[in-house]
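Summary of structural features
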Amino acid sequence: MKAFRPLSVVAITSISLILMLAGCFNTPNINYPLQSFIKIENYEMEEMDAGSLGIINAVVRTGSGSGSIIYHKKNRSYILTAKHVCGGDSIVKRVLIDVDNETYQATVFAKSENHDICILESERINKPRIKLSLNPPKKGDNVYNVAAPGGAHERGYVPHFKGIYSGYSEKMKSDIYTIPAYPGCSGSPIVNRYGELVGLLFAVNGKFHHLSVSITHAQLFTFINSHLDMTEKLID
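Now for a quick tour of the structure.

What counts and how
Residues numbered from 1 in each chain as written. Predicted model: local features only at pLDDT ≥ 70, side-chain atom pairs only at ≥ 80, totals over all residues. Heavy atoms only, no water. Helix = DSSP H or I, 4+ residues; strand = E, 2+ residues; numbered from the N terminus. Buried < 20%, exposed > 50% of the residue type's maximum accessible area, 1.4 Å probe, protein only. Salt bridge = Lys/Arg side-chain N within 4 Å of Asp/Glu carboxyl O. Polar contact = N/O pair within 3.5 Å; in protein donor to acceptor, adjacent residues only side chain to side chain. Contact = heavy atoms within 4.5 Å. Expected span 1.5 Å × (residues − 1). Arc of directions from axis to C-beta. Phe/Tyr/Trp six-rings, centres within 6.5 Å; stacked < 30°, edge-to-face > 60°. Lys NZ or Arg CZ within 6 Å of the ring centre and 35° of its normal. Pairing = 2+ DSSP bridges. Disulfide = S-S within 2.5 Å.

Thoughts on unusual backbone geometry
One non-glycine residue with positive phi stands out, namely Asn-101, at about 70°. Its location among the elements puts Asn-101 in the loop between strand E4 (91-98) and strand E5 (103-111). A positive phi is found at Lys-173, a non-glycine position, where the angle reads about 55°. When you line up the elements, Lys-173 lands in the loop between strand E9 (160-169) and strand E10 (174-177). For Lys-173, a relative accessible area of 45% puts it in the partly exposed group.

Below, the structure is given as structure tokens:
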């Protein structure tokens, strides 16, 4: 009986390379929801000193946030964001800016009474909607986010972030992710590796900005379905 010949270093290296490449090809692409992203700008009426003209009322931008398109119906689009981004009665104009820097006017469609969630309604935005995941994230899952921290957003440019789902906080009644955040990120979508919505960023840890606070998957699912009644279409 002939003994087995030991593999050469070259042969072992070749096999390892083949296995590594096979693993790469089996890894799913990461689908950042770039085309579904919306930047939101709020404007209010404020008194300003116009010199010789005296005190005048002027419409000025008072804040910005992030959001994502979740549904289209005929000539209307619906944008998910945080309730505090939608603002209150003092807002006189809400401007939506898509990834191509096209602008749209929006009104509040629905606000949650118990959570920091809001849906805006606008004229049709010809961009793909984001899908809602059927399943919540698991601890340790990689997640992905697009947002406009500090209003950072230009045509074809939106910051991309990656983090990990760390679990549910009983104290905050919210999910915690290791995603860096800054004012302007509120309302931005958190997605799994398939680009499906699993969370909504609405706050950040004041002592460590890489700990972000999110609406839970269950809270999102309930709110979206109760107001749009289109769960089957959001997840198809």
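Describing the pattern of salt bridges
Under the criterion given, the structure shown has five salt bridges. The residue Asp-98 makes a salt bridge to Lys-127 at a minimum N-O spacing of 3.5 Å. Of this pair, Asp-98 sits in strand E4 while Lys-127 sits in the loop between strand E6 (118-123) and strand E7 (131-132), and the two are 29 residues apart along the sequence. For the salt bridge of Asp-100 with Lys-127, the shortest nitrogen-to-oxygen distance reads 3.0 Å. Note that Asp-100 is positioned in the loop between E4 and E5 and Lys-127 in the loop between E6 and E7, a separation of 27 residues in sequence. Judged by relative accessible area, Asp-100 falls into the partly exposed class, the value being 26%. Several salt bridges share partner residues, and in doing so they unite Asp-98, Asp-100 and Lys-127 into one network.

A closer look at the side chain of His-153
The topology assignment puts His-153 in the loop between strand E8 (142-146) and E9. Here the side chain of His-153 touches Asp-98 through a polar contact of 3.2 Å, landing on its backbone oxygen. With near-sequence residues (within four places) excluded, His-153 lies in contact with Phe-37, Lys-39, Ile-97, Asp-98, Val-99, Asn-101, Ala-148 and Val-158.

Concerning helix H3 (residues 217-228)
One full turn of an α-helix is made of 3.6 residues, so residues set three or four places apart face in the same direction. Between its first and last C-alpha atoms H3 spans 16 Å; for twelve residues at 1.5 Å apiece the expected length is 16 Å, and the two agree. His-217, Gln-219, Leu-220, Phe-223, Ile-224 and Leu-228 are the residues of H3 that are buried. Buried residues of H3 fall within an arc of 160° about the axis and therefore sit on the same side. H3 presents Thr-222 and Ser-226 as exposed residues on the side facing more than 90 degrees away from its buried surface.

Examining the packing of aromatic side chains
According to the stated counting rule, one finds four aromatic pairs in the structure shown. Here a set of aromatic residues connected by ring pairs shows up, and it is made of Tyr-71, Tyr-78 and Phe-109. Cation over ring: Lys-93 sits above Tyr-43, and NZ or CZ is 4.7 Å from the ring centre.

Topic: the pairing of E5
Side-chain positions along a regular strand alternate between the two faces of the sheet. Where E4 and E5 come together, three bridges link them in antiparallel fashion. Looking at E5, one finds that Val-95 is bridged to Gln-105. What sits between E4 and E5 in their antiparallel hairpin is a turn of four residues, with Asn-101 showing a positive phi close to 70°. Looking at chain direction, E5 and E6 are connected through five bridges and run antiparallel. Bridged to Ala-110 within E6 is Ile-119. Connecting the antiparallel pair E5 and E6 is a turn made up of six residues.

Focus on the environment of Val-204
Mapped onto the elements of the fold, Val-204 is located in strand E12 (residues 196-204). In sequence terms Val-204 and Ser-186 are 18 residues apart; their C-alpha atoms lie 8.8 Å from each other. Beyond its immediate stretch of four places on either side in the chain, Val-204 contacts Ala-181, His-209, Leu-211, Ser-212 and Val-213.

Comments concerning the state of the cysteines
One covalent bond between the sulfur atoms of two cysteine residues makes up a disulfide. A full pass over the atoms with the stated rule returns one disulfide. Here Cys-86 pairs with Cys-118 through a disulfide, and the sulfurs are 1.9 Å apart. Between Cys-86 and Cys-118, the S-S dihedral sits near -100°, and the bridge is therefore left-handed. Here the residue Cys-86 occupies a position in helix H2 (residues 83-86), and Cys-118 occupies one in strand E6, the gap between them amounting to 32 residues. Residue classification places Cys-86 among the buried positions, given a relative accessible area of 1%. On the basis of relative accessible area, Cys-118 is assigned to the buried category, the value being 0%.

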